[in-house]
Amino acid sequence: MSSLSVPASGLAGHRAMALIEARRMARHPVFLLGAVLALVALGLYVVLVDDETGIVVVLTLPLLGAFYIGLASVIAAALLTRSTEVAVEAVATAPGTEARRTLALAATGIPPLVAGLVFSVALVVLADVIGVAPHEWWFDTLPDWQLWSIVLQCPVACLDGALLGVLAGRWLRFRGASAVVVVVLIVVTLLGQSPLLETAGSEWRLWAPWALWHLGDNPDGTQTLLAGNPAVYLGYLLDLGALAVLGAMWHDRTARTPRLRAVVAAVAVTAAALFVVSATTGNQDNRDSDPNPSRVSG
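Residues numbered from 1 in each chain as written. Predicted model: local features only at pLDDT ≥ 70, side-chain atom pairs only at ≥ 80, totals over all residues. Heavy atoms only, no water.

Things to note about the overall build of the protein chain
The number of helices and strands found in the protein chain is 11 helices and 2 strands. Reading the secondary structure of the protein chain in the N-to-C direction produces α-α-α-α-α-α-α-α-α-β-β-α-α. Taking all 298 residues of the protein chain together, the buried fraction comes to 49%. Taking all contacts inside the protein chain whose residues are at least 6 apart in sequence as the whole, residues at least 24 apart take part in 78%. When the accessible area of the protein chain is evaluated, it comes to approximately 13,900 Å², of which 68% is carbon and sulfur surface. (Helix = DSSP H or I, 4+ residues; strand = E, 2+ residues; numbered from the N terminus. Buried < 20%, exposed > 50% of the residue type's maximum accessible area, 1.4 Å probe, protein only. Contact = heavy atoms within 4.5 Å. Areas by Shrake-Rupley, 256 points an atom, 1.4 Å probe, with all protein chains shown as cover.)

A closer look at a nonpolar patch on the surface
A contiguous nonpolar patch, built from Val36, Val40, Leu44, Val47, Leu48 and Val49 and spanning about 550 Å² of accessible area, is present on the exposed surface. On the basis of relative accessibility, which here comes to 61%, the residue Val47 falls in the exposed class. (Patch = residues over 30% accessible without salt bridge, like charges linked within 9 Å, V, L, I, M, F, W, Y side chains within 5 Å. Salt bridge = Lys/Arg side-chain N within 4 Å of Asp/Glu carboxyl O.)

Digging into helix α8 (residues 153–171)
Given a rise of 1.5 Å per residue, 19 residues ought to cover 27 Å, and the 27 Å separating the end C-alpha atoms of α8 matches this to within 8%. By the criterion of burial, α8 is predominantly enclosed, with 16 of the 19 residues buried. (Expected span 1.5 Å × (residues − 1).)

Here's the deal with the packing of aromatic side chains
Under the definition given, this model contains 5 aromatic pairs. The interplanar angle of 90 degrees and the centroid separation of 5.2 Å between the aromatic rings of Phe67 and Tyr68 together place this pair among those described as edge-to-face. With relative accessibility at 40%, the residue Phe67 sits in the partly exposed group. Judged by relative accessible area, which is 28%, Tyr68 ranks as partly exposed. Put simply, the rings of Trp204, Trp213, Tyr233, Tyr236 and Phe275 pair up and form one aromatic cluster. The side chain of Arg205 reaches across the aromatic face of Trp213, ending 4.7 Å from its centre. (Phe/Tyr/Trp six-rings, centres within 6.5 Å; stacked < 30°, edge-to-face > 60°. Lys NZ or Arg CZ within 6 Å of the ring centre and 35° of its normal.)

A closer look at the nonpolar core
Met25, Phe31, Tyr45, Leu61, Ile69 and Phe119 are the most contacted members of the largest nonpolar core, which totals 25 residues. Those elements giving two or more residues to this core turn out to be α2 (29–48), α3 (62–89), α5 (110–130) and α8. Sorting elements by how many residues they give to this core places α2 first, with 5 residues. Here Ile69 is in contact with Phe31, Gly34, Ala35, Ala38, Pro112, Ala115, Gly116, Phe119 and Cys158, once residues within four sequence places are set aside. Of all hydrophobic cores here, the second largest spans 16 residues; its members include Leu142, Leu206, Tyr236 and Ala271. (Core = buried A, V, L, I, M, F, W, Y, C linked by side-chain atoms within 4.5 Å.)

Some details on the packing of α2 against α5
One can describe the packing of α2 onto α5 by two numbers: an axis separation of 11 Å at closest approach and a directional angle of 10 degrees. In this view, α2 runs roughly parallel relative to α5, as classed from their interaxial angle. Of the residues in α5, those in contact with Phe31, Ala35, Ala38, Leu39, Leu42 and Val46 of α2 are Pro111, Pro112, Ala115, Phe119, Ala122, Leu123, Leu126 and Ile130. (Axes fitted to C-alpha atoms, helices over the stretch in contact; angles between N-to-C directions. Parallel < 35°, antiparallel > 145°, perpendicular 65-115°, else oblique.)

Have a look at this one:
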């Protein structure tokens, strides 16, 4: 069943289209492969990284879920977007405008979001059952909202991956476009973390679509917490996802109304504001101070 087989108008028709696209994503082999690999990688890490005191570098592990699920979702969503338009081109009529079909395709982000949540729950359960290494001091000192914000960065990044795939599927038509987008995304993310080389200014890494908050074990067994506000950064990531959907809708010339222009401008300004707030509030980089503080302010 495709989104071409539902009513072309009305809220019920749009919901039906969105549900179909979410189901298509949930069954897509590339997405399923990414979801399975994420859980396998987490399991292998817990088994192979042997530490009798507990799981180490827990706050870097959400990267595993974002890498496998998020990047797979970019490719899967781009392929689904292109397949929908190929079907439209093959028939005389289509369900609604291109912008409306794009909005329905945003539902492809639901399965990656759920998969990212499953990964995050598995990580939390493993950390609770096995325990964390003693030098993972933040589990006794950081406020819960900060810890959860870092952990939940995984499912939000997975959602954003699918929405980026919809954007790529709308604008890029050459063979292998989604793979190129994945490579560019990895390069941009790595470049975005370059401020980590300096103890001053590490908060400016937060413009990137993924940010590290923890650099792992130092030679003396201490841990490094990086500057910034993880909760506001989550809002920034969600805003980037909204911009991706709006950018995909912009491909439809008939949708470029004053209202859409105003929405795009508002979301872009909000993203800039959230970036500034995430970079200027929250904790400070502790590499210039005691790397194992007894208390971190909330």
